[in-house]
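# A closer look at the structure
Now for the letters of each chain:
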Amino acid sequence: MRRIVITDYPGVLHRDLEYEKNKILAALKDTEVEVVPFENREQWIHAVGNADALLTAFLPINDAVMEAVPKLRCIVLNASGYDNVDLAAASRRHIAVIPIEEYCTEEVAEHTMALILALSRGLKHYGKEIDEQYRWQYTSLQGLHRLKGQTLGIAGFGKIGRMVGKLADAFGMRILVYSPTGKTINKEAYPVQFVPAEELFEKSDIITNHMAIGKEHYHFFNEEAFRKMKRHPLFINVGRGAAVEEAALLKALQNGWIRGAGLDVLESEMPELGKTGLTGREQVILTPHSAFYSEESLRALQDISCDNLIYFFKGEWNRIHYICLLYTSDAADDTPCV
């Protein structure tokens, strides 16, 4: 009997899990599917210890976890990021790692622009005054500027970064891009200027992060980076929380190095919000890692991740939507397909 475990932090599992279970069971014989919330590490390890597959988004799956789950053959991620999985350990142990490549580009780009617009137009300030003081006075806030003519700095120019660039261009913004991968694109399709990170920091009125996280981008936005932001920009992060050093971000807000922040992610996926120093600030908007969400994207996330898992166990590896690391039992040289 094959055992598949759908597992994550409890708050992440508030979706129609019966849909996922039924989809998997309808396609795979001799299989059981169990949902295991992560609340206590020791209990969780015991509960998933005989799993053949884990389907998760945010749980850190390191070498110790893999050792404790000796039958594990694949880690299927219902997310596009896979930095929470130790790929080297998975490779050594011949465990496939299968994330989702594409399901929410439009939603994340729209969320980015929503944060930019809300901060640029002072919506939190006006909303609080109306709700709490019944005050109807536009002059209670000064210093608002139209987006047209402002410079947007985009860090990371993958699918989401490019979509944000298109939306910002429609607002008449000048667009600077720092592309850590140095990918070439059709510049006629994307009217942007590629610049080094330092120039992006210095010349942007708004900076938005869309970089994939890696060792080179851990705490990329640190105190040194924020001090270089000469135009006191709005700072947006809907990418990876680990790209931002939160203590430095807080210091940047307190010292006026940036004039506001819109954050969909924090360093911890389960943050103690009261201890961050970021709540209760008029110039800060926090959302609970919800940029990806729409009814359409959530169903796509469920379908693609379940399909990937089904294709893996059926041996239909060419049908898997995206493979980060794949080991197959009949591989002649037993090497990964990356």
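Above this text sits the structure in question.
The structure displayed is predicted, hence computed values, not measured ones.

Reading guide: rules and limits
Starting afresh in each chain, residues are numbered from 1 along the sequence in its written order. Predicted model: local features are reported for residues with pLDDT of at least 70 only, side-chain atom pairs are reported and counted for 80 or more only, and whole-chain, interface and lining totals are derived from all residues. Computation of side-chain values: all heavy atoms of the structure, hydrogens and water removed. Here a strand is any run of E in DSSP of at least two residues, a helix any run of H or I of at least four, and the numbering for each starts at the N terminus. Note that the radius of gyration is over C-alpha atoms, with the globule rule given as 2.2 Å times the number of residues to the power 0.38. Buried means the residue's accessible area, taken with a 1.4 Å probe over protein chains only, is under 20% of the maximum for its type, while exposed means over 50%, and partly exposed covers the values in between. Two residues qualify as a contact provided that any one of their heavy atoms is within 4.5 Å of a heavy atom in the partner residue. Areas reported here follow the Shrake-Rupley algorithm with a probe of radius 1.4 Å; residue values treat only the protein chains shown as occluding. None of His or the chain ends enter the tally, which takes Lys and Arg as positive and Asp and Glu as negative. A charged residue contributes its charge at one atom only: NZ of Lys, CZ of Arg, CG of Asp or CD of Glu. Take the buried Ala, Val, Leu, Ile, Met, Phe, Trp, Tyr and Cys residues and link them wherever side-chain atoms come within 4.5 Å; each set so joined is a nonpolar core. Strand pairing follows a simple DSSP-based rule, namely that at least 2 bridges must link the two strands. The angle between two axes is taken between their N-to-C directions and runs from 0 to 180 degrees, where each axis is a line fitted to C-alpha atoms and a helix contributes only its stretch in contact. Polar contacts here mean pairs of N or O atoms no more than 3.5 Å apart (in protein, one a potential hydrogen donor and the other a potential acceptor; neighbouring residues in sequence count only if both atoms are side-chain atoms). Call a crossover right-handed when, viewed with both strands pointing away from you, the route from the first strand across the helix to the second goes clockwise. Here, a salt bridge means any side-chain nitrogen of Lys or Arg that lies within 4 Å of a carboxyl oxygen of Asp or Glu.

### Some remarks on the overall build of the chain
Along the backbone of the chain there are eleven helices and twelve strands. Over its C-alpha trace the chain gives a radius of gyration of 22 Å, about what one expects of a compact globule, namely 20 Å for 338 residues. The C-alpha extent of the chain, read off along each of the three principal axes, is 65 × 45 × 35 Å. Buried residues in the chain amount to 49% of all 338 residues. Across the chain, contacts joining residues at least 24 apart in sequence account for 62% of those joining residues at least 6 apart. Surface exposure of the chain reaches about 16,800 Å², of which carbon and sulfur atoms provide 49%. Considering the chain, the positive charge centre built from 37 side chains and the negative charge centre built from 46 side chains are found 5 Å apart.

### What to know about the nonpolar core
Counting 29 residues, the largest nonpolar core has Ile 116, Leu 152, Ile 154, Ile 206 and Ile 236 as its most contacted members. Contributing elements (two or more residues each) for this core: α5 (105-120), β6 (151-155), α7 (159-170), β7 (174-178), β10 (234-237) and α11 (295-314). When residues of this core are assigned to their parent elements, the largest contribution, seven residues, is made by α5. Setting aside its immediate chain neighbours within four residues, Leu 152 contacts Ile 116, Val 164, Ala 168, Met 173, Arg 174, Ile 175, Leu 176, Ser 204, Ile 206 and Thr 208. One finds Tyr 178, Val 195, Ile 207 and Ala 252 within the second-largest nonpolar core, a separate group that totals 28 residues.

### Observations regarding the sheet that holds strand β9 (residues 206-209)
In spatial order, the strands read β8-β7-β6-β9-β10-β11-β12; together these seven strands make up an open sheet with parallel pairing. The open sheet terminates on both sides in strands that have one partner only, identified here as β8 (193-194) and β12 (284-286). Direction of pairing for strand β11 (residues 260-263) relative to β12: parallel, over a ladder of three bridges. For Ala 261, the partnering residue across the bridge sits in β12 and is Val 284. Contacts from α7 reach β6, β7 and β9, with the element oriented near 170° to β6.

### Brief notes about the side chain of Asp 52
Along the chain, Asp 52 falls in the loop between α2 (41-48) and β3 (53-56). Within the local environment of Asp 52, its side chain forms a polar contact with the backbone nitrogen of Arg 3, the two atoms lying 2.7 Å apart.

### Observations regarding the pairing of β3
Of the two faces of β3, the one lined by Ala 53 and Leu 55 and the one lined by Leu 54 and Thr 56 are each fully buried. Sheet analysis places β3 next to strand β4 (residues 74-77), joined by four bridges and oriented parallel. Bridging from a neighbouring strand, Thr 56 pairs with Leu 77 of β4. Since β3 and β4 lie parallel, the crossover through helix α3 (residues 63-68) that links them has a hand, and here it is right-handed.

### Describing the environment of Lys 124
Relative to the helices and strands, Lys 124 resides in helix α6 (residues 123-133). A C-alpha to C-alpha distance of 34 Å links Lys 124 and Glu 39, two positions 85 residues apart in sequence. Once you skip the residues sitting within four places of it in the chain, Lys 124 turns out to touch Arg 281, Glu 282, Val 284 and Ile 285. At 2.9 Å, the side chain of Lys 124 and the backbone oxygen of Arg 281 are in polar contact.

### Concerning the sheet that holds strand β2 (residues 31-37)
Strands sit in the order β2-β1-β3-β4-β5 across an open sheet of five strands; the sheet is parallel. Where the open sheet ends on each side, the last strands, each with one partner, are β2 and β5 (96-98). When the angles between neighbouring strand axes are averaged without regard to direction, this sheet yields 20°. Sheet strands touched by α11: β1 (2-8), β3, β4 and β5. Its angle to β4, the strand with the most contacts, is close to 160°.

### Examining the pattern of salt bridges
Where charged atoms from two side chains of opposite charge approach closely, those side chains can pair. Counted according to the given criterion, the structure contains 19 salt bridges. With a shortest N-O distance of 3.0 Å, Glu 129 and Arg 135 are connected by a salt bridge. Judged by its relative accessible area of 37%, Arg 135 is partly exposed.

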